[in-house]
Amino acid sequence: MSITPESVKELLSSQDVGDRLRAVNQIRQLETAVGFELIQIAIADRNARVRYSAVSQMDTLGKEDLQLSWTILRDRLLNDPEVDVQAAAADCLGALKLGEALEDLEKVYNTTNEWLVQFSIIATLGELGDPRAFELLKQALSSENELIQTAAISSLGELGNIEAVPLLAPFANNPDSQVRYRLVQALIHLGTPEAKSILESLVDDDIEAIATEARKYLQSA
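Residues numbered from 1 in each chain as written. Predicted model: local features only at pLDDT ≥ 70, side-chain atom pairs only at ≥ 80, totals over all residues. Heavy atoms only, no water.

Visitor: Looking at this structure, I do not really get the overall build of the chain. What am I missing?
Guide: For the chain, the helix and strand inventory stands at 15 helices and zero strands. Once the C-alpha set of the chain is aligned to its principal axes, its extents read approximately 60 × 35 × 30 Å. Looking at the chain residue by residue over its 221 residues, the buried ones come to 48%. Sequence-distant contacts in the chain: of pairs separated by 6 or more residues, those separated by 24 or more amount to 60%. Accessible surface, the chain as shown: approximately 11000 Å² in total, 47% of it carbon and sulfur. The positive charge centre, built from 19 side chains, and the negative charge centre, built from 35, are 3 Å apart in the chain. (Helix = DSSP H or I, 4+ residues; strand = E, 2+ residues; numbered from the N terminus. Buried < 20%, exposed > 50% of the residue type's maximum accessible area, 1.4 Å probe, protein only. Contact = heavy atoms within 4.5 Å. Areas by Shrake-Rupley, 256 points an atom, 1.4 Å probe, with all protein chains shown as cover. Lys, Arg positive; Asp, Glu negative; His and termini not counted. Charge placed at Lys NZ, Arg CZ, Asp CG, Glu CD.)

Here is the structure:
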């Protein structure tokens, strides 16, 4: 049976969660404008899995109407009772580069006890690209959660503010290879003389991927 807006809408109104989840997946096969209309039904679903699947598609569908997308995602970030849905909303706010989200992202980061939501907020700030995010990313570097620290390192690289380089320097000695790998990538983005100096200290790293990344950049710089 072919997938049509009508067939998807019918599945979205089913009492069966599996049907509604299937409908959300089928939205990907519809025209974007139609998908954007239908996804809003799923975002209001009573089931958290359906809402999560729907919100996760807003990074692409949301481009249809950025102002309405901002309203929808902001509501899910601030009010959804499910952590995964909040995290997905944060991801999409950054992907859509909705700079007006920064204040709410900062507020939620500083008030939530959920590390996953904090992680998603910090990870999305690099993609958001708002220079005002620098202070929150600086704060996140001191998080007790290494995943949040790692996300902050990556986002600082994406943000491109060279004031981040001295803040990142101590992570060159971090025992976690994933932290050092993200550090190399961030320093390559930043590209200052101090960043290159730190990269030089990593060309002999025990982890070959880290050493190779640093070496490759220094050879081409």
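Visitor: Help me understand the packing of helix H1 (residues 5–12) against helix H3 (residues 32–43), please; the structure alone is not making it clear to me.
Guide: Between H1 and H3, the least distance of the axes is 10 Å, while the angle of their chain directions is 5°. Relative to H3, the element H1 lies roughly parallel. Contacts between H1 and H3 involve Pro 5, Val 8, Lys 9 and Leu 12 from the first element and Val 34, Leu 38, Ile 41 and Ala 42 from the second. Tallied by class, the residues present in the contact of H1 with H3 amount to seven nonpolar, no polar and one charged. (Axes fitted to C-alpha atoms, helices over the stretch in contact; angles between N-to-C directions. Parallel < 35°, antiparallel > 145°, perpendicular 65-115°, else oblique. Nonpolar A, V, L, I, M, F, W, Y, C, P; charged D, E, K, R; others polar.)

Visitor: Help me understand the environment of Lys 63, please; the structure alone is not making it clear to me.
Guide: Position of Lys 63 among the secondary structure elements: in the loop between helix H5 (58–61) and helix H6 (66–79). Accessibility expressed as a relative area gives 59% for Lys 63, which makes it exposed.

Visitor: In this structure, what is going on with the nonpolar core? I would like to understand it.
Guide: In globular proteins that are soluble, nonpolar side chains generally tend to be buried together. Counting 72 residues, the largest nonpolar core has Leu 105, Ile 122, Leu 125 and Leu 168 as its most contacted members. Here the element with the most residues in this core is helix H7 (residues 83–95); it accounts for seven residues. (Core = buried A, V, L, I, M, F, W, Y, C linked by side-chain atoms within 4.5 Å.)

Visitor: I would appreciate a short explanation of helix H15 (residues 208–220) in the present structure.
Guide: An α-helix turns once every 3.6 residues. As a result, residues three or four positions apart point the same way. Helix length check: H15 (13 residues) gives 18 Å between terminal C-alpha atoms against 18 Å at 1.5 Å per residue, within 8%. Three or more residues of H15 are buried, namely Ile 210, Ala 211, Ala 214 and Tyr 217. Along the long axis of H15, the arc covered by the buried residues comes to 140°, so they all point the same way. Seen from the buried face of H15, the exposed residues on the opposite side, beyond 90 degrees, are Gln 219 and Ser 220. On its buried face, H15 is in contact with helix H13 (177–190) and helix H14 (193–200). (Expected span 1.5 Å × (residues − 1). Arc of directions from axis to C-beta.)

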